[in-house]
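Summary of structural features
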Amino acid sequence: MDKKFYLVREDVLPEAMRKVLAAKELIERKKVDSVADAVQLVDVSRSVFYKYRDAVFPFHTMVREKIITLFFHLEDRSGTLSKLLSVVAAANCNVLTIHQTIPLQGRANVTLSISTSEMTMTMDELLSQLKQLPFVEKVEILGSGA
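Rules used throughout
Residues numbered from 1 in each chain as written. Predicted model: local features only at pLDDT ≥ 70, side-chain atom pairs only at ≥ 80, totals over all residues. Heavy atoms only, no water. Helix = DSSP H or I, 4+ residues; strand = E, 2+ residues; numbered from the N terminus. Rg over C-alpha atoms; globule rule 2.2 N^0.38 Å. Buried < 20%, exposed > 50% of the residue type's maximum accessible area, 1.4 Å probe, protein only. Contact = heavy atoms within 4.5 Å. Areas by Shrake-Rupley, 256 points an atom, 1.4 Å probe, with all protein chains shown as cover. Pairing = 2+ DSSP bridges. Expected span 1.5 Å × (residues − 1).

Next up on the list: the overall build of the protein chain. When you go through the protein chain residue by residue, the secondary structure sums to six helices and four strands. Helices and strands in the protein chain line up, N terminus first, as α-α-α-α-β-α-β-β-α-β. What you see for the protein chain is a C-alpha radius of gyration of 20 Å, clearly larger than the 15 Å of a compact globule of 146 residues, by over 25%. Taken along its principal axes, the extent of the C-alpha atoms in the protein chain is 60 × 25 × 25 Å. The buried share of the protein chain, reckoned over its 146 residues, is 30%. Counting only contacts in the protein chain whose residues sit at least 6 apart along the sequence, the fraction spanning at least 24 positions is 68%. For the protein chain, the accessible area works out to roughly 9900 Å², and carbon and sulfur atoms hold 52% of it.

Okay, here's the thing in C-alpha cells:
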C-alpha cells in the first residue's frame, strides 16, 4: 500500500496529535524515562500515543537522515554501475550498501541503499535523472525510512 504524506500546519492538527508530538520530543530529548512519564506530562493517553506515534512526525524528522532503497534493472554494459553511482553522488547522496546480481541474458539487478540527508535535489529529480540513463531499464523505490 502506497502511503501519502501531507505537510500540515501545527495549528490545524487535532490536539491529540500535537500532544503525541510533544511526548515524542520529550522521549527523543531524554527528558523522561518512559512513555508513561511522557504521556502523563503532556496529558494524553497511552493508547492515543501508540495510535499516532508512527503516523505524525515533526517536519525536521522527515527531512533528516532518510534512507532510501532503490532497485534497478540495468543492461550489462561496461561502466554502468560507475555512471549510476556518479548520478547518485552528484545529488550528494551517500551510498550505504550496493548489491548487484550476476548479469544474466545481458541484464543485472542492482539494489542501492542511500542516505538522502544531504541530498541537493528532490527525490523525483533524482529518479528522473536515473531513468534517463540509457542503460537503465527500470528504477523503483523499494523502501524508505529514517
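There's more to say after this.
So, about the pairing of strand β2 (residues 94-100). Pairing between β2 and strand β3 (residues 107-115): six bridges, direction antiparallel. Note that in β3 the partner of Asn94 across the bridge is Ser115. Where β2 hands over to β3, the hairpin turn is made up of six residues, of which Gln105 adopts a positive phi near 50 degrees.

If you check helix α1 (residues 15-28), its first and last C-alpha atoms are 20 Å apart, about what 14 residues at 1.5 Å a residue would give, namely 20 Å. Of all the residues in α1, the buried ones are Met17, Lys19, Val20, Leu21, Ala23 and Lys24. Residues of α1 that are buried in the fold lie against α2 (35-42) and α3 (46-52).

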